[in-house]
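# Inside the fold
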Amino acid sequence: MKLSKLAVAIAAILGAGVSFGAYAIDLYVDTKTEQIYAKPGPGRVHMGSFVRQDAQAKVPDNTASSAAAVIPVDKTDAAELTAVRRDIELKAKMMGARLTSDLASLEERVKETEKVHIEFHEGAPHFASKDGNFTFAINGRMQVGSQYNFINDVLPATGANLPNELNSGVTLRRARLGVEGTFYKIWDYKFEYDFSRGNGSVESGITDAFLRMNVTKPFSVKVGSFKEPFSLEEAASNRFLTFIERHMSVNSFVDNPNTYKTGIGANYAVPRFQFGVAFQTEPVGAWSAASTTVNAAGNNSRNNGSGDQGWEGIGRITGRPWMEDETKFLHVGISAGHTHVNTQYLANGTINVGPNQTGGGGGMAFFAFPGTNVDRTNVLNTGNLSIGNKGAPGSRRIDSYDRFGAEGWLVHGPFSAQTEYLRTNINGQGYDGEHFTGYYGFLSYFLTGESKAYHVRNGAANRIKPKQNFQWNGSGWGAWEIAGGYDYINLNSGVVRGGKMDMVRFGLNWYPHTHVKIQNNITYVLNVDTSGSPIPRTAGFNNADLSSFLTQVQVDF
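Sequence positions are assigned chain by chain, starting from 1 and proceeding in written order. The predicted origin of the model limits local features to residues at a pLDDT of at least 70 and limits the giving and counting of side-chain atom pairs to 80 or more, whereas totals for whole chains, interfaces and linings rest on all residues. Where side-chain values are given, they derive from all heavy atoms of the structure, hydrogens and water being excluded.

### A look at the packing of aromatic side chains
- In this analysis, rings of Phe, Tyr and Trp, with Trp reduced to its six-membered ring, are considered paired at centre separations within 6.5 Å, and the interplanar angle assigns stacked below 30 degrees, edge-to-face beyond 60, and tilted for intermediate values. A complete count under the given rule lists 23 aromatic pairs for this structure.
- Ring centres of F183 and Y184 lie 6.4 Å apart, and the angle between their planes is 80°; this geometry places the pair in the edge-to-face category.
- Three or more aromatic residues joined by ring pairs form one cluster here, namely F134, F183, Y184, W187 and Y189.
- As a reminder, the over-ring test applies to NZ of lysine and CZ of arginine, requiring each to be within 6 Å of the ring centre and within 35 degrees of the ring normal. A cation sits over an aromatic face here: K222 above F210, 5.0 Å from the ring centre.
- For the cation-ring pair, R320 lies above Y454, with the distance from its terminal atom to the ring centre recorded as 3.7 Å.

Take a look at the structure:
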């Protein structure tokens, strides 16, 4: 009786005798040498369990010997044995190939997971592909401010008007959240939303929303909503300001009309020189009804005969003619811009300048507040510079305005001095050379030895990094800065009586960490002249005596 192929193969491999019972044996194949083993070991893969069976039936009880008969193996059995061996070797190779494939697949999956790196950079999550083609980051800031007016001497209100005073309180000055990143290394983008901006207008919360192409490392072009390239203090992020609020002329001529406008711009920046130009239209949403043109909703709702959008061409050139290092330099610059204003009249020749404009309206107004951060009442106000019925005697219409600025900034170790002069010329029907001016200057000094930092692309102030972060149980106290300065603005010119004001302010800033800043300001108004203003609330601040204590706690990432 012949053995089965599997039994003959197992017998030949193991060289064992025949037994009466049946049992299983595990076999292993070496993935490199393809040798078969009966015991596991390094590099060996389990092939399976094999069963050996008796080659013949048991002999009768009366047989003299109980041993199994010897089984002869003929040529056919040898051929079958060879075939079985080859079959086993083939299966071993297949298992080895499968194992290799599985290992390759596992390695590929590991590589896929390694293609995206996640890390916390400057307190925020940053995502980046392994090849650097794609990055994504989340940014945000929160600024909580308070204001206490310890001198508040103003004229009494008349008629049905509210009191002429500045009010004390606490506010969430800014609450912004945004995303930014790059793709294919030469493109970057940014979108940011301020939840505290725009007096409830959803569109007004949009600040930066642009796409930028970095043609070379210094030169870039962007399109979307972004800041106007104008003014040293405006170019700096509000996170990096020395005082809690920007100075009056910067606020009045740049920030209040909403510096984030929609358009296209180009920028060139190297460590010693910066140049930026832009062609922009109106903001996505209005900062206020008085500070946009034509339509209170900005360019988001240009419809129903409300008129074409206003537009502007604007630019800024800055540089550091003297520079020893990043802690000792002199920065100078100039800015200029022309803004076209489209005043739209109703069919009957009247102009709707109310807050709910429905077709006609627009114009432009400039106003100023005394550096306060909770109650930012317009102590000075030109009123709408488009006023009166179309063609009526005494009516005026602003068609455009031109802005000019000059700036200087000296940093010498812990000491710094900064100044700006700004001027706005008014053009249009009923105007003849009217212009508004403003300037400021201040000094600052780091008691802990730090220096003002420079942002090359913006040509403005950057983040302060304390030499030692604050520690509860340690020697670190963070960075401490003191500052003091003078501020002036004049909105009186020709037929416009917007008022003029000057003031001083003092600051004490503490930077416990790079992303935490606590500011304390004292503001004192030296003089307010609003005589002749046609606006009752503005007139009520004539010769007012005002002084406030301000604080702001800032966290950003």
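### Things to note about the confidence of the model for the protein chain
- Confidence scores per residue from the predictor, reported as pLDDT, run from 0 to 100. Taken as a whole, the protein chain shows an average pLDDT of 84; of its residues, 82% reach a score of 70 or greater.
- Predicted confidence for residues 1–22 stays below pLDDT 50, and this span has 39 contacts to residues more than four positions away or in other chains. In this description, contact between two residues means that some pair of their heavy atoms is separated by no more than 4.5 Å.

### Describing the pairing of strand β10 (residues 219–227)
- A strand pair is defined by DSSP finding two or more bridges across the two strands. Under the DSSP-based scheme used, a helix requires at least four consecutive residues in state H or I and a strand at least two consecutive residues in state E, with every element numbered from the N terminus. Examined bridge by bridge, strand β9 (residues 206–214) and β10 share 6 bridges and lie antiparallel to one another. Residue pairing for β10: L211 is matched across the bridge by V223.
- The turn linking β9 back onto β10 is made up of 4 residues.
- Note that β10 and strand β11 (residues 260–270) share 9 bridges and pair antiparallel. Bridging from a neighbouring strand, V223 pairs with I264 of β11.

### Some remarks on the pattern of salt bridges
- We define a salt bridge as a contact between a side-chain nitrogen of Lys or Arg and a carboxyl oxygen of Asp or Glu at a distance within 4 Å. This model, assessed by the stated rule, comprises 19 salt bridges.
- The shortest N-O distance in the salt bridge between E228 and K261 comes to 3.1 Å. With E228 in the loop between β10 and α3 (232–235) and K261 in strand β11, this residue pair connects regions lying 33 residues apart in the sequence. Here the two residues E228 and K261 agree in accessibility, since each one is buried.
- Linked through salt bridges whose partners overlap, the residues forming this network are R141, R176, E192 and D194. Exposure classes here rest on a 1.4 Å probe applied to the protein chains alone. A residue is buried below 20% of its type maximum, exposed above 50%, and partly exposed in between.

### Section: the pairing of strand β18 (residues 415–429)
- Alignment of strand β17 (residues 397–412) against β18, held across 15 bridges, turns out to be antiparallel. Its bridge partner lying in β18, W409 is registered against Q418.
- Between β17 and β18, which pair antiparallel in sequence order, lie 2 residues; one of them, G413, sits at a positive phi of approximately 65°.
- Both β18 and strand β19 (residues 435–446) contribute to a ladder of 11 bridges, which runs antiparallel. In the sheet register, L422 faces β19, and the bridge partner there is G438.
- Between β18 and the antiparallel strand that follows it, β19, lie 5 residues; G430 among them carries a positive phi value of about 85°.

### Re the nonpolar core
- Nine residue types can take part in a nonpolar core, namely buried Ala, Val, Leu, Ile, Met, Phe, Trp, Tyr and Cys, and a core is a set of them joined through side-chain atoms within 4.5 Å. The biggest cluster of nonpolar side chains holds 37 residues, and the ones touching the most others in it are F253, F366, L380, L385, I426 and F436.
- Elements supplying a minimum of two residues to this core: α4 (248–255), β17, β18, β19, β22 (479–493), β23 (496–513) and β24 (516–529).
- When near neighbours in sequence (up to four residues on either side) are disregarded, L385 contacts M364, F366, R396, R397, I398, I426, Y431, F436 and V496.
- Listed in part, the 11 residues of the second largest apolar core include L232, A235, L241 and V411.

### Here's the deal with the environment of A236
- Relative to the elements of secondary structure, A236 occurs in the loop between α3 and α4.
- By relative accessible area, which is 4% here, A236 ends up buried.
- Between the alpha carbons of A236 and G459 there is a distance of 8.0 Å; along the sequence they are 223 residues apart.
- Excluding its chain neighbours within four sequence positions, the residues that come into contact with A236 are K227, L241, R246, A460 and A461.

### Some points on α4
- Of all 8 residues in α4, 8 are buried; the element is thus mostly enclosed.
- Every buried residue belonging to α4 is among M248, S249, V250, N251, S252, F253, V254 and D255, and all of these are buried.

### Brief notes about the environment of S547
- As for its position among the elements, S547 is in strand β25 (residues 545–556).
- Of the residues examined, S547 reaches a relative accessible area of 3% and is grouped as buried.
- Separated by 25 residues in the primary sequence, S547 and I522 place their C-alpha atoms 7.3 Å from one another.
- Excluding its chain neighbours within four sequence positions, the residues that come into contact with S547 are Y148, N149, F150, I151, T523 and Y524.

### Overview of a nonpolar patch on the surface
- Patches were defined on residues exceeding 30% relative accessible area and lacking a salt bridge, with like-charge contacts within 9 Å and nonpolar side-chain contacts (Val, Leu, Ile, Met, Phe, Trp, Tyr) within 5 Å. With residues, only the protein chains shown are counted as cover, and all accessible areas are computed by Shrake-Rupley using a 1.4 Å probe. A cluster of nonpolar side chains, W322, L330, V332, L410, F415, L443, Y445, L447, I482 and L508, forms an exposed patch at the surface whose accessible area comes to about 790 Å².
- Listing elements by their share of the nonpolar patch, those giving two or more residues are β14 (328–340) and β19.
- As for its placement among the helices and strands, I482 is situated in strand β22.

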